[in-house]
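Spelled out from the first residue to the last, the chains are:
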Amino acid sequence: MSRAPDAVIISCAITGSVHTPSMSEHLPVTPDQIAASAIGAAEAGAAILHLHARVPETGRPTPSPDVYRAFVPGIAKRTDAVINITTGGGAGMSLDERTEGARSLEPELCSLNMGTMNFGLFPMAEKPRNWRHDWELQHLENSRDFVFKNTFRDIEWIVAEMGEKRGARFEFECYDASHIYTLAHFLNKGVVKAPLFVQFVLGILGGIGAEPENLLFMKQTADKLLGDNYTFSVAAAGRAQLPLVTMSAILGGHVRVGLEDNLYIGKGQLATSNAEQVARVRQIIEALSLKVATPAEARKMLGLKGRKATKL
């Protein structure tokens, strides 16, 4: 089973591709905003910064390496945090498109969704809003018929492109127990290698629900299938974020917060920054008498290649 770490890694997912600009004025969308928000999160204690890119004028998710290069190098100059670039991208992007940023910048770490799944965002369209951009409501409603595609072949291709060719390690995103079985298959076949960094993602419509018993089930399944070859972290959508990441720390895991997963800091209270969420979870971790991991400690635990081997 996964062994309790000496220190808890805080990952911060800065902007993602789920929420839209009209949902919060604090969601970073321009390169300058993303950079400032990421740097603030690192200063607050995040050892890993999980990054997506957005079109500066509209906030729409984009796979453009040029947009990534408008903010990633600035983050790398200002902080030693591990840069983690998505391979999931956003709705409507092809496999080639959604991996462009990671393939261009060759980061130490990138995300890898472990299966094909329905990805329902449309419930967020039910709340009345003054939509600032035409694409936002359409983006949410279109998710009624959207399938995020990551087949076995897709996963093998990403592992080859990012792992074998570029030396990256992965944040293996598991949205359901079936994804853990898929990861175990690739581990047993030698396609992926330990130590595995497994992110249990709960609360996305189409994946497993954000409930404590589901988190326990995910961990039990991973313990059974992956043994001592993995360490885990937890990301939970919306109001489930703080309770479930706290549970992760208690269970011996790591934590992920950030405006990609949750726009709030309290009931009805929008978070004003990613740093605010990081600071809150850091307080909880330290109140549990646990240590917050530095970027150097995170690199050692996850077996990363180091900043110098990237193109950041």
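Shown above is the structure to which this text applies.
Presented here is a report on the structure given in the accompanying data block. A quick note: this is a predicted structure, and the numbers were derived from the prediction, not measured.

**Considering the sheet that holds strand β10 (residues 196-202)**
Then, number 1: The strand order β1-β2-β5-β6-β9-β10-β11-β12 describes a closed barrel built from eight strands, whose pairing is parallel. Adjacent strand axes in the sheet meet at a mean angle of 25°, parallel and antiparallel pairs treated alike.
Then, number 2: Sheet analysis places strand β1 (residues 10-13) next to strand β2 (residues 48-51), joined by three bridges and oriented parallel. Note on β2: the bridge partner recorded for C12 is L49.

**Focus on the side chain of T15**
Then, number 1: Among the structural elements, T15 can be located in the loop between β1 and α1 (31-44).
Then, number 2: Taking the relative accessible area as the measure of exposure, T15 reaches 0% and is therefore buried.
Then, number 3: At 2.7 Å, the side chain of T15 and the backbone oxygen of P28 are in polar contact.
Then, number 4: At 2.8 Å, the side chain of T15 forms a polar contact with the side chain of R54.
Then, number 5: With sequence-adjacent residues up to four places away left out, T15 is seen in contact with L27, P28, I34, H52, R54 and E260.

**Re unusual backbone geometry**
Then, number 1: For the peptide bond that leads from A194 to P195, omega is 0°, which places it in the cis range.
Then, number 2: Within the secondary structure, P195 sits in the loop between α8 (177-188) and β10.
Then, number 3: At E106, a position not held by glycine, the phi torsion is positive, near 50°.
Then, number 4: By the element assignment, E106 lies in the loop between α5 (100-105) and β6 (109-113).
Then, number 5: E106 sits in the buried class, given a relative accessible area of 16%.
Then, number 6: Here S289, not a glycine, exhibits a phi torsion of approximately 65°, which is positive.
Then, number 7: With respect to the helices and strands, the residue S289 is situated in the loop between α11 (274-287) and α12 (295-302).

Cut-off values and rules
- Residues numbered from 1 in each chain as written.
- Predicted model: local features only at pLDDT ≥ 70, side-chain atom pairs only at ≥ 80, totals over all residues.
- Heavy atoms only, no water.
- Pairing = 2+ DSSP bridges.
- Helix = DSSP H or I, 4+ residues; strand = E, 2+ residues; numbered from the N terminus.
- Axes fitted to C-alpha atoms, helices over the stretch in contact; angles between N-to-C directions.
- Buried < 20%, exposed > 50% of the residue type's maximum accessible area, 1.4 Å probe, protein only.
- Polar contact = N/O pair within 3.5 Å; in protein donor to acceptor, adjacent residues only side chain to side chain.
- Contact = heavy atoms within 4.5 Å.

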